[in-house]
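# Coordinate analysis (summary)
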Amino acid sequence: QGQLVESGGGLVQAGGSLRLSCAASGRTFGSYAMGWFRQAPGKEREFVAAISWNGGVTYYADSVKGRFTASRDNGKNTVYLRMNSLKPEDTAVYYCAARLRGEGYSRLTADFGSWGQGTQVTVSS
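Residues numbered from 1 in each chain as written. Predicted model: local features only at pLDDT ≥ 70, side-chain atom pairs only at ≥ 80, totals over all residues. Heavy atoms only, no water.

Within the protein, the regular secondary structure consists of 0 helices and 11 strands. In sequence order, the secondary structure elements of the protein are arranged as β-β-β-β-β-β-β-β-β-β-β. Scaling as 2.2 N^0.38, a compact globule of 125 residues should have a C-alpha radius of gyration of about 14 Å, and the protein matches this with 13 Å. Overall, the protein is about 40 × 25 × 25 Å in size when its C-alpha atoms are taken along their principal axes. Classification of the 125 residues of the protein by burial places 42% in the buried group. (Helix = DSSP H or I, 4+ residues; strand = E, 2+ residues; numbered from the N terminus. Rg over C-alpha atoms; globule rule 2.2 N^0.38 Å. Buried < 20%, exposed > 50% of the residue type's maximum accessible area, 1.4 Å probe, protein only.)

What follows is the structure, encoded as structure tokens:
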């Protein structure tokens, strides 16, 4: 299935921005929808955003809608998550994964696979 590697996380003040990247290693994921998830300490991993295989469709969790933007560049085998107007509650480890099961809209972790190792995003208040 290959591997996905997230990067771009870091420490940012509230109101700031970050762009996360998710690069494929070992194979291409250009034919797969991709999802972004996050997990804060003591909390369940939750859906953040997803993007269709060609980037034509995106959808988001209500908590990030209007602030986060998913995009992708299949030529670079990379997907992105631009995060603006960051809030302390956005603090989490962010993961990307490929949509390997099912069709249509999904926010379920079980429908995604080839999880990356995650990148830490910390938003200070």
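Here the narrative resumes, following the displayed structure.
Attention now moves to empty space enclosed by the protein. As enumerated under the stated definition, the model contains 1 cavity of 30 Å³ or more in all. Looking at the largest cavity, its volume works out to about 80 Å³. Every element with two or more residues in the lining of the largest cavity is listed here: β3 (18-25) and β8 (78-83). Looking at side-chain class alone, the lining of the largest cavity contains 6 nonpolar, 4 polar and 1 charged residues. (1 Å grid on protein atoms, 1.4 Å probe; cavity = no way out; pocket = protein on both sides within 12 Å on 5 of 7 lines; lining within 4 Å. Points joined across faces, edges and corners; volume = space filled by probe spheres on them. Nonpolar A, V, L, I, M, F, W, Y, C, P; charged D, E, K, R; others polar.)

What follows covers the layout of surface pockets. Counted as a void, the largest pocket has a volume near 170 Å³. Taken together, 14 residues make up the lining of the largest pocket; nearest its centre are Ala33, Ser52, Tyr59, Arg99 and Gly104. Grouping the amino acids of the lining of the largest pocket by side-chain chemistry returns 10 nonpolar, 3 polar and 1 charged.

Our focus in this paragraph is the packing of aromatic side chains. Any aromatic ring pair is given by two values, namely how distant the centres are and how the planes are angled relative to each other. Inspection of the entire model under this criterion finds 6 aromatic pairs. On the basis of an interplanar angle of 55° and a centroid distance of 5.9 Å, the ring pair of Phe29 and Tyr32 is categorised as tilted. By relative accessible area, Tyr32 is classed as partly exposed at 23%. Through a chain of ring-to-ring contacts, three or more aromatic side chains come together here, namely Phe37, Phe47, Tyr59, Tyr105, Phe112 and Trp115. Geometry around Phe29 places Arg27 over its ring, the cationic atom sitting 4.9 Å from the centre. Positioned above the aromatic ring of Phe112, the side-chain terminus of Arg99 is 5.9 Å from the ring centre. (Phe/Tyr/Trp six-rings, centres within 6.5 Å; stacked < 30°, edge-to-face > 60°. Lys NZ or Arg CZ within 6 Å of the ring centre and 35° of its normal.)

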